[in-house]
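Letter by letter, the chains look like this.
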Amino acid sequence: MFSALIMTPVSDPSSFSTVSKCATKHLNLIYHVDFDKRVLKGKVALTLEVLEDKFSSLVQFSSASAKLSLCLLDLIRFDRSANYIAFKTIVYFFVCLFFIYSNCFCLQQATHCRSMIPCQDSPSVKHTYYAQVSVPKELVALMSALHDGQVPDPSDSSRVIYRFRQPVPMPSYLIAIVVGALESRKIGPRSRVWSEKENVDEAAFEFSETETMLKTAESLAGPYVWGQYDLLVMPPSFPYGGMENPCLTFVTPTVLAGDKSLAGVIAHEISHSWTGNLVTNRNWEHFWLNEGHTVYIERMIARCMESEHLRQFKGIGGWKELQESFGANNVLTNLVPNLHEVDTDEAFSSVPYEKGFALLYHLEELLGGPEVFMGFVKSYIQLFAYGTVTTEEWKNYLFTYFKDKVDILNKVDWNAWMHTPGMAPVKPKYDTTMADACTALCQRWVKAKEEDLASFTEEDVKKLNSPQLIEFMALLLQEEPLPLSHVKKMQEVYQLNSVKNAEVRFRWLRICVRAHWEEAVPLALKMATEQGRMKFTRPLFKEVYNFSKYSDKALNTFKENRGALHPVTAMLVAKDLKING
């Protein structure tokens, strides 16, 4: 494979694993899920490829923060001629469950796999895995792998063992496990949606276009290699919009809007099947390669299924999101940041997504348009498939693919794009057709005097689709806070308190709190705590905290609900609210 030939060693500042000495090729996992003791107990057999002659042992370590301890690893077989080490059924470990969701738990993301499996927690290492999971027989186990049957647990008649196999090599951060009282509905020839009973039919309706999205993505990026594509609606505290686990995408329940208007988040997770899962950043400093390309393909799916106007409109929204990202002089806003001594959770922002997309869209404009540039993206995926990649390798291939346009590429200020903090150095030229109506309505409200308020009617927003209504709200948040009288009138004519769409509701409540509408404070805090998606929870807490009369209310509400939030969410909200410890 070409990608293997050109792959250059790159250290991983986010991992202690010795990726230069050995590489995990396969995991064989056995789990026993004990809800009474809140313990995940297991053992794992690892098959490792030796990468240096003198390698003969692995480092033992114990980490209280990860709540993970390893026994000493004894070599079962060390075959130097084959250059492989096999460890069989000798690594025993216990993991205290960090969180448990109404009979459902999950552990995943970035470097956190090391808290539930002894593993090389670097995306540079890809491996297959097989798993057996013992759970109470009234519950269902799911993993980021293909279902391989189930059998009664021979050691306990009240339990069942679910089996899973993942034949496609993948990094450890994509290993995911969920156990809960789950039901499913078939939504396509290779897809089911899973959720707790209360949401399963609503979810099946919301995600009914999944197969169309998959086929569209295949037409853009090549064959889908993972076999099954299932969706799992997570408990409300899930901190992200989605997580692209192979075969089983996790998705926030906040996208259940009842009208498919927020199902576009699925297009993003589907796109990760190619960029992220199949072609993976070698370490987290190159995270933009995962996310920037995924946003690009996601918006190409919108272009194919809806219109180029919608793709342009989404680009405008992404640019606005990037503008709202953290401090311009923060080096973590570099597209390729230095993550030495940096917690990857704390580095999370919209930068790799939207600054990454902005670069790709800028290159598209320079090199010949969407069809031409998507041709490069597809070729890049095919070249580096099943492997990992760095920014330098991506850039080298870009110059190779567009060898007749090197003069254009040489004019790009690569240092400004990659290694300079702040906004992208070039603002894309987006078509504003869909955005113009949002801008016009926003400006009407901003410029309205008290005597003008009677001119607003419910017809104003009936002319807007859901993405436009979200954009209208986002534009208002970029302006000075509206007078309280205006916000009350907006509620009177648009009835925004009753809107189910979480993206609209979240922005609306921020507008209300900024206008110091005291009745909105409990509604904002309710939304901040009844779900835990960081995109919503963090800004809502910050808005109430910044309303000086209710700062203590924000602090107390957070402290009361901290235990129900995902640990990463709780940590970041605590920082937002200047809470130590």
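Residues numbered from 1 in each chain as written. Predicted model: local features only at pLDDT ≥ 70, side-chain atom pairs only at ≥ 80, totals over all residues. Heavy atoms only, no water.

Overview of the packing of aromatic side chains
Right, on to step 1. In this structure the tally under the stated criterion is 30 aromatic pairs.
Right, on to step 2. With 6.2 Å between their ring centres and 80° between their planes, Tyr224 and Tyr229 make a pair best called edge-to-face.
Right, on to step 3. Residue Tyr224 is classed as buried on the basis of its relative accessible area of 9%.
Right, on to step 4. Overall, the relative accessible area of 2% leaves Tyr229 in the buried class.
Right, on to step 5. Ring centres of Phe376 and Tyr397 lie 5.9 Å apart, and the angle between their planes is 25°; this geometry places the pair in the stacked category. One end of the pair, Phe376, is in helix α8 (residues 370–384); the other, Tyr397, is in helix α9 (residues 391–401), and 21 residues separate them in sequence.
Right, on to step 6. Judged by relative accessible area, Phe376 falls into the buried class, the value being 0%.
Right, on to step 7. The side chain of Arg299 reaches across the aromatic face of Phe357, ending 4.5 Å from its centre. (Phe/Tyr/Trp six-rings, centres within 6.5 Å; stacked < 30°, edge-to-face > 60°. Buried < 20%, exposed > 50% of the residue type's maximum accessible area, 1.4 Å probe, protein only. Helix = DSSP H or I, 4+ residues; strand = E, 2+ residues; numbered from the N terminus. Lys NZ or Arg CZ within 6 Å of the ring centre and 35° of its normal.)

Remarks on the packing of helix α5 (residues 287–305) against helix α6 (residues 308–323)
Right, on to step 1. Put simply, α5 and α6 touch, their axes get as near as 7 Å, and they point 145° apart. Helix-helix and strand crossings are classified by hand; for α5 and α6 the assignment is right-handed. In contact with Tyr296, Arg299, Met300, Ala302 and Arg303 of α5, α6 contributes Glu308, Leu310, Arg311, Lys314, Gly315 and Gly318.
Right, on to step 2. Among the residues making up the contact of α5 with α6, the classes are represented as 4 nonpolar, 2 polar and 5 charged. (Axes fitted to C-alpha atoms, helices over the stretch in contact; angles between N-to-C directions. Left-handed = near helix turned anticlockwise from the far one by under 90°. Contact = heavy atoms within 4.5 Å. Nonpolar A, V, L, I, M, F, W, Y, C, P; charged D, E, K, R; others polar.)

Remarks on the pairing of strand β15 (residues 230–233)
Right, on to step 1. By the alternation rule, side chains of β15 split into Asp230 and Leu232 and Leu231 and Val233, which are all buried.
Right, on to step 2. The pairing of strand β14 (residues 191–196) with β15 spans 2 bridges and is parallel. Across the sheet, residue Val193 finds its bridge partner in β15, namely Leu231.
Right, on to step 3. Where β15 and strand β17 (residues 248–251) come together, 4 bridges link them in parallel fashion. Each bridged residue has a counterpart across the sheet, and for Asp230 the counterpart in β17 is Leu248. (Pairing = 2+ DSSP bridges.)

Side note on the pairing of strand β13 (residues 182–188)
Right, on to step 1. Sheet topology places β13 next to β14; 6 bridges connect them, and they run antiparallel. Paired with Glu183 across the two strands is Ser195, which belongs to β14.

So, the side chain of Arg510
Right, on to step 1. Mapped onto the secondary structure, Arg510 falls in helix α16 (residues 502–514).
Right, on to step 2. Not counting the four nearest positions on each side in its chain, Arg510 is found in contact with Leu477, Pro539, Leu540 and Glu543.

A closer look at the pattern of salt bridges
Right, on to step 1. Tallying each qualifying case throughout the model produces 25 salt bridges.
Right, on to step 2. Of the charged contacts, one joins Glu49 and Lys25 as a salt bridge, the two residues approaching to 3.5 Å between their closest N and O atoms. Within this pair, whereas Glu49 is found in strand β2 (residues 39–50), its partner Lys25 is found in strand β1 (residues 22–34), the two being separated by 24 residues in sequence.
Right, on to step 3. The partner of Asp576 in a salt bridge is Arg538, with the nearest N and O atoms 2.8 Å apart. One end of the pair, Asp576, is in helix α20 (residues 567–576); the other, Arg538, is in helix α18 (residues 534–546), with 38 residues separating them in the sequence.
Right, on to step 4. Residue Asp576 is classed as buried on the basis of its relative accessible area of 14%.
Right, on to step 5. One network of salt bridges, with partners in common, ties together Arg303, Glu308, Arg311, Glu364 and Glu371. (Salt bridge = Lys/Arg side-chain N within 4 Å of Asp/Glu carboxyl O.)

Focus: the sheet that holds β15
Right, on to step 1. The mixed open sheet is built from 5 strands, whose spatial order is β13-β14-β15-β17-β16. Unpaired on one side and paired on the other, β13 and β16 (242–243) mark the two borders of the sheet.
Right, on to step 2. Across the sheet, helix α4 (residues 264–271) lies against β15, β16 and β17, angled at about 140° from β17, the strand it touches most.

Some words on the nonpolar core
Right, on to step 1. Judged by nonpolar contacts, the single largest core of 183 residues is most densely connected at Phe207, Trp394 and Phe472.
Right, on to step 2. If we skip the residues at most four places from it in the chain, Phe472 touches Cys438, Leu441, Cys442, Trp445, Leu464, Met490 and Tyr494. (Core = buried A, V, L, I, M, F, W, Y, C linked by side-chain atoms within 4.5 Å.)

As for helix α17 (residues 520–530)
Right, on to step 1. Among all positions of α17, only Ala520, Val521, Ala524, Leu525, Met527 and Ala528 are buried. All buried residues of α17 fall inside an arc of 160° around its axis, so they share one side.
Right, on to step 2. The secondary structure elements touched by the buried residues of α17 are α16, α18 and α19 (551–561). (Arc of directions from axis to C-beta.)

Quick look at the packing of α16 against α17
Right, on to step 1. Contact geometry of α16 with α17 gives a least axis separation of 9 Å together with a crossing angle of 140°. Between α16 and α17, the crossing angle belongs to the class labelled oblique. α17 is crossed by α16, and the crossing has left-handed handedness. Counting all contacts with α16, which are made through Ala502, Arg505, Phe506, Leu509, Cys512 and Val513, the residues of α17 involved are Ala520, Leu523, Ala524 and Met527.
Right, on to step 2. Residues of the contact of α16 with α17, tallied by class, amount to 9 nonpolar, no polar and 1 charged. (Parallel < 35°, antiparallel > 145°, perpendicular 65-115°, else oblique.)

Things to note about the side chain of Glu244
Right, on to step 1. Tracing the backbone through its elements, the reader meets Glu244 in the loop between β16 and β17.
Right, on to step 2. Within the buried core, Glu244 has no salt-bridge partner, and the shortest N-O distance to an opposite charge, that of Lys126, equals 11 Å.
Right, on to step 3. Those residues in contact with Glu244, other than ones at most four positions away along the chain, are Tyr173, Leu174, Thr249, Glu269, His272, Asn277 and Glu291. (Lys, Arg positive; Asp, Glu negative; His and termini not counted.)

A look at the environment of Arg159
Right, on to step 1. Note that Arg159 resides in strand β11 (residues 159–171).
Right, on to step 2. In this structure the C-alpha to C-alpha distance between Arg159 and His32, which are 127 residues apart in sequence, comes to 9.8 Å.
Right, on to step 3. In contact with Arg159, other than residues within four places in its own chain, are His32, Val33, Ser134, Val135, Pro136, Lys137, Pro152 and Asp153.
Right, on to step 4. One polar contact links the side chain of Arg159 to the main-chain carbonyl oxygen of Ser134, over a distance of 2.7 Å. (Polar contact = N/O pair within 3.5 Å; in protein donor to acceptor, adjacent residues only side chain to side chain.)

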